[in-house]
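One-letter residues, chain by chain:
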Amino acid sequence: MDNALVRVGRALRLALLIALALLFLIPFYLLVRNGFSSEQDITSPEWTFFPTHLQWSNVTELFNDTSVPFARSLLNSALIAVTTTLGTLLLGSLAGYGLARIPYRHANKVFYAILGTLMVPAAVTFVPSFVLVSSLGWISTYRGLIIPTLFSAFACFVFRQYFLGFPRELEDAAHVDGLGYWRTYWRIVVPNTRPVFAAVGTIVFLGAWNSFLWPLVIGQDQNSWTVQVALSSFTTAQVVRLHELFIAAAVSVLPLLLVFLCFQRWIVAGVERTGID
């Protein structure tokens, strides 16, 4: 009787997980289905699970569209997201390690001040940031798109909290061998915290890749558009190109899936260690 109940419970959990997985995959199915459909199939009142004719030409049409430099937008987003992620990991981990390990009587005050910035709405600092970037002549440049977003109070908080629980014995052994804080950080701390770096880096990468408002305002030249800005250009007051919009959205999701698949093991381990929700 007990074994039967256990099997029934497992079957119910499995059915629930399958149902949730299917619900999760519906948006991806719609992207692919509509991306390879014609405008008539997308707007048709009669729904079909697959389009009547797969429009493989939508891909070439997307990248040959002279009004939207989508290939350049993908390159811009990749460069900005990777640079922002690396810079944020470096600055956030250094700040977190310094606040957690280097003796300084005002360390807690500095930490609380950093946490206070998380409570300031982004809309409050948007205009001053734009004025500063504009005065520096960084409009439509990588510097304007990357540098203002490099430091993350969230990353600093996560690293600081993790480093507080990092085994001091490893650092003490490094200090005995003559290593200072800097070399201890590079040779001992970083190699042993790769899952945390992967978890935080993935969150930062997703945020940088999906960022829209700041790149829209700063990237005023088409050559500095990111993929999110390019996606918005397919829907204007004059024309709505649904088939290009869907295939472009499907293409823009691929880098995110690759990042997740490559770092999945470290991401899960990092979330377990840091308690990130």
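Residues numbered from 1 in each chain as written. Predicted model: local features only at pLDDT ≥ 70, side-chain atom pairs only at ≥ 80, totals over all residues. Heavy atoms only, no water.

Considerations on the packing of aromatic side chains
Reasoning step 1: In this structure the tally under the stated criterion is 18 aromatic pairs.
Reasoning step 2: For the ring pair Phe49 and Phe50, a centre distance of 4.8 Å and an interplane angle of 85 degrees mean the geometry is edge-to-face. The pair formed by Phe49 and Phe50 is uniform in burial state, with each residue classed as exposed.
Reasoning step 3: On the numbers, 6.1 Å between centres and 15 degrees between planes, the contact of Phe111 with Phe157 is stacked. Note that Phe111 is positioned in helix α5 (residues 107–117) and Phe157 in helix α8 (residues 153–164), a separation of 46 residues in sequence.
Reasoning step 4: Judged by relative accessible area, Phe157 falls into the partly exposed class, the value being 32%.
Reasoning step 5: By way of ring pairs, the aromatic residues Tyr97, Phe159, Tyr162, Phe163, Phe166, Trp182, Tyr185, Trp186 and Phe197 are connected into one cluster. (Phe/Tyr/Trp six-rings, centres within 6.5 Å; stacked < 30°, edge-to-face > 60°. Buried < 20%, exposed > 50% of the residue type's maximum accessible area, 1.4 Å probe, protein only. Helix = DSSP H or I, 4+ residues; strand = E, 2+ residues; numbered from the N terminus.)

A few points about helix α10 (residues 181–189)
Reasoning step 1: Looking only at α10, the buried set comprises Thr184, Tyr185 and Val189. The buried residues of α10 all sit within an arc of 100 degrees when viewed along its axis, so they share a single face. Exposed positions of α10 whose direction lies more than 90 degrees from the buried face are Trp182 and Arg187.
Reasoning step 2: Contacts made by the buried residues of α10 are with α4 (70–101), α8, α9 (168–176) and α11 (194–210). (Arc of directions from axis to C-beta. Contact = heavy atoms within 4.5 Å.)

Description of the nonpolar core
Reasoning step 1: In this structure, Leu62, Phe70, Leu74, Phe205, Trp209, Phe234 and Ala248 are the most contacted members of the largest nonpolar core, which totals 24 residues.
Reasoning step 2: Those elements giving two or more residues to this core turn out to be α4, α11, α13 (227–232) and α14 (242–274).
Reasoning step 3: A total of eight residues in this core trace back to one element, the largest contributor, which is α14.
Reasoning step 4: Not counting residues within four places of it along the chain, the set of residues in contact with Leu62 comprises Val68, Phe70, Phe234, Glu244, Ile247, Ala248 and Val251.
Reasoning step 5: Membership of the second largest hydrophobic core comes to 16 residues, among which are Phe163, Val196, Phe197 and Val200. (Core = buried A, V, L, I, M, F, W, Y, C linked by side-chain atoms within 4.5 Å.)

Quick look at the pattern of salt bridges
Reasoning step 1: Tallying each qualifying case throughout the model produces one salt bridge.
Reasoning step 2: A salt bridge links Arg101 to Glu171; its shortest N-O distance comes to 2.6 Å. Of this pair, Arg101 sits in helix α4 while Glu171 sits in helix α9; the two residues are 70 residues apart in sequence, bridging distant segments of the chain.
Reasoning step 3: Exposure remark for Arg101: the relative accessible area of 7% places this residue in the buried category.
Reasoning step 4: Accessibility expressed as a relative area gives 4% for Glu171, which makes it buried. (Salt bridge = Lys/Arg side-chain N within 4 Å of Asp/Glu carboxyl O.)

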